[in-house]
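# A structural walkthrough
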Amino acid sequence: MIKVHLKNNNTKEVNLGTTLFDLAKNLGGSLYKDVCAAKVDGELKDIKSPIEKECSVEFLTFDSEEGRKTYWHTTAHILAQAVCRLYPNAKYAIGPAIDEGFYYDFDMEETINEEDFEKIEAEMKKIIDENFSVDIIRTTEKEAVDIMNKRNQPYKIELIEKHKNDKSLILRKQGEFIDLCGGSHMMSTGKIKAFKLLSRAGAYWKGDSKNKMLTRIYGISFPKKSMLEEYLQVLQDRKLRDHRKIGKDLKLFMTHPLVGSGLPIYLPDGATIRRNLERYIQDKEIELGYKHVYTPSVATTDLYKISGHWDHYKDDMFPVMKVDTEEFVLRPMNCPHHMLIYKSELRSYRDLPIRIGELAHDFRYENSGAVCGLERVRQMCQNDAHLFVRPEQIKEEVGNVLKLIFDVWKNDFGFDKFDIRLSLRDKENKEKYIDNDEMWETAENQLRDILQELKIDFYEAKGEAAFYGPKIDIQIKSALMHDVTIPTCQLDFALPKRFDLKYVGKDGQEHMPIVIHRAVLGSSDRFISFLLEETKGNLPIWLAPEQVRILPLNESMTEFAENLKKEMISAGIQRVTANLCNEKIGYKIREAQLSKIPYMVILGNKELESGKISVRSCVKGDLGLMDKDEFINMILNDIKNKK
């Protein structure tokens, strides 16, 4: 007998060789029905693994990330088995669990489309009903190659070659299907309760475009049918929230192959949104003492060699351009330019803090497969700023940056759920960062102390720092369930030293300032994509490219509509239009609704006689008759207060 220490501090004695699943079953309750995998002494193990020594055991269900991935990985193998039954000549490659579900890659003679999913799902259901045990086969390289040769599986043979130095190779067998796989699996195929194949795509073997294009099939699975139905509803909602679809439907931005991947073109309404956002954040910053500048979008490579970006960021920059005898690059960020602005004149301690802000165009090389609408682009407009401060000003200035971030995101945009992350360097991977241990210790401790003194809840993340210093990242869970990190505040002792920045202190001696890098909206492009998905395109009235649309019932109301439009614009509602087309009112309302115009004003004989107007909200529907001045004041108030 050997002792097993469980997570709840209980200790159980079991026979040597007892499987983890048998242990779960012996513990009673519903655990053995729900368990997906287990950790033995902190290491993820297959639920069929035997207990070979005294150890600590933690059982994992679908509620845990590793439990879910075990569940999904088992389903991926069921998919592969079904495809091989239906398409005997199929060659199977890899099939991992991913953040949401799983995929499996196949090399096939046949073309599989989503219309084929129904028959594949039916075969998967048969495999689940057959409840095959998922067995572990430990074997040698030669035996594994022989098995895969007989099955004509060249991709598996290639993977065996990669792992030939492992002490033993692990194969998985379920029924007639055998795969090379060392990942964690469920006990049997019958443990999978509800699943759905979602989409197909092309994928190069090993992600290399020089290799063959394979067919990738994505899927999802859950322990309950109700969970699957809920997830499919979420997927449907995501499609409606996709900022690329909204941007196309509302004619906000476009792309074109002649311009290039990751380089969106803003159309008039999209430009209106961006212009108002940028004016809004600049006005906020001006009130707080920021001075705005414009700097070039290119610089010599020498600038980035001094800053350290050349060593730590070169792979994310565009290629070098040679002009005469100089080498230029498109800038990936603005801090080196701002360092030179600070250095352009002698500074006194009385001048600090100096807050330099810029709406700057930056360029970063993104793989063409990674670019996505406005969310991930190759040219972006950054709401960037750098604060040059004395050491004793750090706490106050970082606190003010955090206040500005919360004011914008919470008060003006209504987001009230934040995770605050203190992003630190990874001491085991120092080559990624500026080499200065003392600087890192000082900077990390100062940010930690500031968060604690301000009583802000936070967690720490090793390896998430910028290459030049630690940072405070504000993370927001988006409507698409993505962790979005847009606002950030970073402390930097490195760049001031590399650029030899100075100020004359009270003592008449030269001292080095500290730099605070900060972004509130981040890039205009990414922020707009985020906002479109959060609101489904129903933007707040102060940002909406068209705020009010006047809809006359017939041609006799044209003059009434034109006069009302002029009156509203004169009152300060800038973006008002009138639809004077000779169409039925129902059509006009539907068109305005699809265009997500915040308010519609309907004018007919009743309104002409009463002197009132009929108001309809895009979100709330019919608001009834309102006094004209009351409506105008309501809109102006909403615009002023960022409702």
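Residues numbered from 1 in each chain as written. Predicted model: local features only at pLDDT ≥ 70, side-chain atom pairs only at ≥ 80, totals over all residues. Heavy atoms only, no water.

### A few points about the overall build of the protein chain
When helices and strands are counted, the protein chain shows 20 helices and 33 strands. The dimensions of the protein chain, computed from C-alpha atoms along their principal axes, are 85 × 80 × 60 Å. Scored against the burial criterion, the 643 residues of the protein chain give a buried share of 50%. If you take every contact in the protein chain between residues at least 6 apart in sequence, the share linking residues at least 24 apart comes to 69%. In the form shown here, the protein chain has an accessible surface area of approximately 32,100 Å², with 47% of it arising from carbon and sulfur atoms. (Helix = DSSP H or I, 4+ residues; strand = E, 2+ residues; numbered from the N terminus. Buried < 20%, exposed > 50% of the residue type's maximum accessible area, 1.4 Å probe, protein only. Contact = heavy atoms within 4.5 Å. Areas by Shrake-Rupley, 256 points an atom, 1.4 Å probe, with all protein chains shown as cover.)

### Details of the packing of helix 9 (residues 268-287) against helix 16 (residues 524-535)
Viewed as axis vectors pointing N to C, helix 9 and helix 16 meet at an angle of 110°, and their least axial separation amounts to 11 Å. When the axis of helix 9 is compared with that of helix 16, the two are roughly perpendicular. The handedness of the crossing between helix 9 and helix 16 comes out as right-handed. Mapping the contact onto sequence places I273, R274, L277 and E278 in helix 9 and S524, D525, F527 and I528 in helix 16. A per-class count over the contact of helix 9 with helix 16 returns 4 nonpolar, 1 polar and 3 charged. (Axes fitted to C-alpha atoms, helices over the stretch in contact; angles between N-to-C directions. Parallel < 35°, antiparallel > 145°, perpendicular 65-115°, else oblique. Left-handed = near helix turned anticlockwise from the far one by under 90°. Nonpolar A, V, L, I, M, F, W, Y, C, P; charged D, E, K, R; others polar.)

### A short note on the sheet that holds strand 5 (residues 55-60)
In space, the 5 strands of this open sheet follow the order 2-1-5-3-4, with mixed pairing throughout. The sheet is open, and its two borders are formed by strand 2 (11-14) and strand 4 (43-45), each paired with just one other strand. Here the average twist between neighbouring strands, direction ignored, is 35°. As paired strands, strand 1 (residues 2-6) and strand 2 are joined by 4 bridges and run antiparallel to one another. Paired with I2 across the strands is V14, a residue of strand 2. (Pairing = 2+ DSSP bridges.)

### Section: the sheet that holds strand 11 (residues 177-180)
Pairing is antiparallel across the open sheet formed by 3 strands, whose spatial order is 9-10-11. Looking along the sheet, the strands with just one partner apiece sit at the ends: strand 9 (135-139) and strand 11. For this sheet the average axis-to-axis angle between neighbouring strands, irrespective of direction, equals 30°. Direction of pairing for strand 10 (residues 169-174) relative to strand 11: antiparallel, over a ladder of 4 bridges. Note that in strand 11 the partner of R172 across the bridge is D179. Its contacts with the sheet place helix 3 (residues 65-86) against strand 10 and strand 11, and it is angled at close to 125° to strand 11. Each of strand 9, strand 10 and strand 11 touches helix 5 (residues 141-150); the most contacted strand, strand 10, lies at about 35° to it.

### Observations concerning the nonpolar core
The nonpolar side chains of a soluble globular protein tend to be buried, and buried together. Core analysis: the largest hydrophobic core is formed by 82 residues, its most contacted members being V398, V408, W409, F413, I472, M568 and F631. Counting residues per element, this core draws most heavily on helix 13 (residues 394-412), at 8 residues. If near-sequence neighbours (up to four positions away) are discounted, F631 is found in contact with V548, M568, Y599, V601, I613, V615 and M626. The next biggest cluster of nonpolar side chains, apart from the first, holds 50 residues, and it includes I78, A90, I160 and L171. (Core = buried A, V, L, I, M, F, W, Y, C linked by side-chain atoms within 4.5 Å.)

### With respect to the pattern of salt bridges
Here the structure, examined in full by the defined rule, presents 44 salt bridges. Linking K125 and D129 is a salt bridge whose minimum nitrogen-to-oxygen distance equals 3.0 Å. Here K125 pairs with D129, and both are found in helix 4 (residues 117-130), just 4 residues apart, close to one helical turn. Residues K536 and D237 are paired through a salt bridge, measuring 3.0 Å at the closest nitrogen-oxygen approach. Taken as a pair, K536 in the loop between helix 16 and strand 29 (548-552) and D237 in helix 7 (residues 225-241) lie far apart in primary sequence, 299 residues in all. Classification of K536 by relative accessible area gives partly exposed; the value is 28%. What emerges from the salt-bridge pattern is a single network uniting R85, E123, K126, E130 and E176. (Salt bridge = Lys/Arg side-chain N within 4 Å of Asp/Glu carboxyl O.)

### Points about unusual backbone geometry
Here L352 and P353 are connected by a cis peptide whose omega angle stands at 5°. The topology assignment puts P353 in the loop between helix 12 (335-343) and strand 20 (354-363). You will see that N152, though not glycine, has its phi angle at about 55°, which is positive. Structurally, N152 can be placed in the loop between helix 5 and helix 6 (154-162).

### Quick look at helix 18 (residues 585-594)
Three- or four-residue spacings in an α-helix give side chains the same orientation, since the helix completes a turn every 3.6 residues. Residues of helix 18 that are buried: K588, I589 and A592. What you see down the axis of helix 18 is that its buried residues fit within an arc of 100°, all on one side. Along helix 18, the residues that are exposed and aim more than 90 degrees away from the buried face are R590 and L594. The inward-facing, buried residues of helix 18 abut strand 29, strand 31 (599-603) and strand 32 (612-617). (Arc of directions from axis to C-beta.)

### Things to note about the side chain of R421
In this structure, R421 sits in strand 22 (residues 419-424). Residue classification places R421 among the buried residues on the basis of a relative accessible area of 11%. Within polar-contact distance, the side chain of R421 engages the side chain of S423 at 2.9 Å. Residue contacts for R421: discarding those within four places in its chain leaves Y459, A461, E464, K471, I472, D473, Q475 and T485. (Polar contact = N/O pair within 3.5 Å; in protein donor to acceptor, adjacent residues only side chain to side chain.)

### As for helix 14 (residues 437-453)
In a regular helix each residue adds 1.5 Å, so 17 residues correspond to 24 Å; helix 14 covers 24 Å between its end C-alpha atoms and thus fits that length. All of the buried residues in helix 14 are M439, W440, A443, E444, L447, R448, I450 and L451. Along the axis of helix 14, the buried residues cluster in a sector spanning 160°; they form a single face. Where helix 14 is buried, its residues touch helix 13, strand 22, strand 23 (459-462), strand 24 (471-477), strand 25 (483-492) and helix 15 (494-498). A positive backbone phi angle near 55° is found at K455, which sits one or two residues after helix 14. (Expected span 1.5 Å × (residues − 1).)

### Digging into the side chain of D384
In this structure, D384 sits in strand 21 (residues 379-389). The buried charged residue D384 lacks any salt bridge, with R518 as its nearest oppositely charged partner at 6.0 Å. Polar contacts involving the side chain of D384 include one to the side chain of N334, which spans 2.6 Å. The residues touching D384, leaving out its near neighbours within four places in the chain, are N334, I356, G357, E358 and R518. (Lys, Arg positive; Asp, Glu negative; His and termini not counted.)

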